[in-house]
Structures are given as structure tokens and as C-alpha cells.
Amino acid sequence: MTDPAKSDPSENGPQGPRISDFASGYAEKAGLHRNSAGHVDILKSAGGVQGIAESILPGLVFLVAFTIVRDLTVSLVAALAAAAIFTVARLVQRRPLTQALAGIVGVGISAWLANTTGKAEDFYVLGFFTNLAYIAGMVLSIVLKWPIAGLLFGFVRNEGLDWRKDPERLRAYKLGTWVVVAVLALRLVVQVPLYFMGESGLTALATTRLLMGAPLYILGLWVAWLLTKPAPRTGSEDQPSKPSSSAA
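Computed from a predicted model, the values in this text were never measured in an experiment.

Re helix α4 (residues 72–93)
Under the 1.5 Å per step criterion, the end-to-end length of α4 is 32 Å for 22 residues, consistent within 8% with the ideal 32 Å. Of the residues making up α4, those classed as buried are Leu72, Ser75, Leu76, Ala79, Ala82, Ala83, Phe86, Thr87 and Arg90. Along α4, the residues classed as buried sweep out an arc of 135 degrees about the axis, all on the same side. Turned more than 90 degrees away from the buried face of α4 sit Val77, Ile85, Leu91 and Val92, all of them exposed.

Describing helix α8 (residues 167–195)
In a regular helix each residue adds 1.5 Å, so 29 residues correspond to 42 Å; α8 covers 41 Å between its end C-alpha atoms and thus fits that length. Capping the start of α8 is the job of one residue whose side-chain oxygen sits 3.0 Å from the backbone nitrogen of glutamate 168: aspartate 166.

Topic: the packing of helix α7 (residues 148–156) against α8
Following both chains from N to C, one finds α7 and α8 inclined at 110 degrees, their axes separated by 7 Å at the closest point. With respect to their mutual orientation, α7 and α8 come out roughly perpendicular. Seen from α7, the contacting residues are Ile148, Ala149, Gly150, Phe153 and Gly154; seen from α8, they are Tyr173, Gly176 and Thr177. When grouped by side-chain class, the residues that make up the contact of α7 with α8 number 4 nonpolar, 4 polar and no charged.

Points about the packing of aromatic side chains
Under the counting rule described, the total for this entry stands at 8 aromatic pairs. Measuring from ring centre to ring centre gives 5.7 Å for phenylalanine 128 and tyrosine 195, while their planes differ by 80 degrees; the resulting arrangement is edge-to-face. Of the two residues, phenylalanine 128 is situated in helix α6 (residues 125–143) and tyrosine 195 in helix α8; the sequence distance between them amounts to 67 residues. Of the two residues examined, phenylalanine 128 and tyrosine 195, each falls in the buried class. Taking the centre distance of 5.2 Å and the plane angle of 70 degrees together, the rings of tyrosine 195 and phenylalanine 196 count as edge-to-face. Its relative accessible area of 65% is what places phenylalanine 196 among the exposed residues. Among the aromatic residues, those joined into a ring-pair cluster are Phe62, Phe66, Phe123 and Tyr124. Above the plane of the ring of tryptophan 225 lies arginine 157, whose end atom (NZ or CZ) is 3.8 Å from the centre.

Overview of the confidence of the model for the protein chain
Summary statistics for the protein chain give a mean pLDDT of 79 and a share of 72% for residues scoring 70 or more. In the model of the protein chain, helix α1 (residues 15–29) stands out as the element of lowest mean pLDDT, 49, in contrast to α8, which has the highest, 96. Taken together, the stretch residues 1–20 has pLDDT below 50 and engages in 25 contacts with residues farther than four places along the chain or on a different chain. Contacts for the low-pLDDT stretch residues 236–241, under 50 throughout, to residues beyond four places or in other chains number 4 contacts.

About the cut-offs
- Residues numbered from 1 in each chain as written.
- Predicted model: local features only at pLDDT ≥ 70, side-chain atom pairs only at ≥ 80, totals over all residues.
- Heavy atoms only, no water.
- Helix = DSSP H or I, 4+ residues; strand = E, 2+ residues; numbered from the N terminus.
- Expected span 1.5 Å × (residues − 1).
- Buried < 20%, exposed > 50% of the residue type's maximum accessible area, 1.4 Å probe, protein only.
- Arc of directions from axis to C-beta.
- Polar contact = N/O pair within 3.5 Å; in protein donor to acceptor, adjacent residues only side chain to side chain.
- Axes fitted to C-alpha atoms, helices over the stretch in contact; angles between N-to-C directions.
- Parallel < 35°, antiparallel > 145°, perpendicular 65-115°, else oblique.
- Contact = heavy atoms within 4.5 Å.
- Nonpolar A, V, L, I, M, F, W, Y, C, P; charged D, E, K, R; others polar.
- Phe/Tyr/Trp six-rings, centres within 6.5 Å; stacked < 30°, edge-to-face > 60°.
- Lys NZ or Arg CZ within 6 Å of the ring centre and 35° of its normal.
- pLDDT = per-residue confidence, 0-100.

Here's what the structure looks like:
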């Protein structure tokens, strides 16, 4: 068994930096950020204003174009063009392309599916499978007692992986993960029936996709953050810890 004292990410022991780096790296790759006060930065974690726009506008452009011209090919090209514009914008800004490239690849696959079947509603099918994959991954993390919320929020709160030793913290992070699972499941419950309505349900499907995308994700993330908040501690422990250098 590893000495618990060596698992403290704030210490300089051989295990400390390794755990802190793991938690920090996982959270950052997942797009989670913290502000100067040590709290989760919800807006930035959702990609910021530009990131939210990148996730919303291609689908919105597709819906508007298809509603106006009723031409699937023109609408798909317009959606791809919107996604491409964001990629070019990031190149000009010299910002990381990961999110923009992921977006344009997703829009490209969605466009290919809709063009192949000739059904406008199939533009939104990929999102269903993406949600299912995330749900499966998060439920698995809960079963294995490595809840995703703990890996993400543990980094922000400088808990490293020590929260796994505390049954109360483990339960809290399981609950936080279930909140995110509920958000993803709610999307499917609402949107899948609209998809099966065919073109008559397209407007409602596209609208709920927009509303239940970044806005609902931000709300779910914030609720999960609040539910997993540690109980107040007494004495000097009440002072918020400063971000460790390895997690900056």
C-alpha cells in the first residue's frame, strides 16, 4: 500500500507531483479550467464565448438555410462553411485548433450522414451516439469508483486523487458524475423522439439541440460543482489552498 502521506499532491515526495500532474493533465485535456479564486471557471470550461459559438452556429446555420431554401446540399455546405470559418479564425488568432478541428470534423461527419441518407434530420444523428458514448464512460467510471467529476473537480480543488480515500468525498463525486449523466440522458429522452418524427420534427429537434447543448451543459456542470463542494473545515484549513505549481 502506498503511504497516504506521499499521496498528498501538495508535497514534494515521489508520489505527490505524479498524482498532481495526473489530475491536472486529465482535467486540462477535458477542457476544465479554474479561475484565480480556485473555483471552476464554468464559461471557460465550456469553451468560452467563441467555443460556445463554434458548437452552436453550424447547426443553427444548417437549420436556417434548410428552412429558407429547402435544399439539403446547400444547407450542408453552409453548415460546413460556418465550421470552417471558426477554424480559420483560430488560425488567425494563433489559438489552439483542437476544438475548432473537432467541430469541423463533427460537422463533416454529420453532413456526410445527412447527404448519404437524404434526410435532413440525420444531420443530428452523430450527437446521439456521442451522448451514448459519454454516458457509458461516465457510468463505468462510477462503477469502477473513479467518477469523472472527481478527476475533474479534484484538480480544481487541489485534492489530487486523495478524495478517493474519503468515502464521503467519493460519494459526492459519484453524485456529481450522475448529474452530468442525467444531463446527457435528458438530451436523448427529449431529442430522439423528435428525430423519429422526421422532417416535421426537424425545427424542434434543432432548437432543442441548441438549448440542450452548451447552456444545459454549463448548468449541469455548475450543479455538479455545488453538490460536490467539500464540507467547511475549521481553523487554518478554512483558507483556500493556492494552486500548486504542477497544476498551474
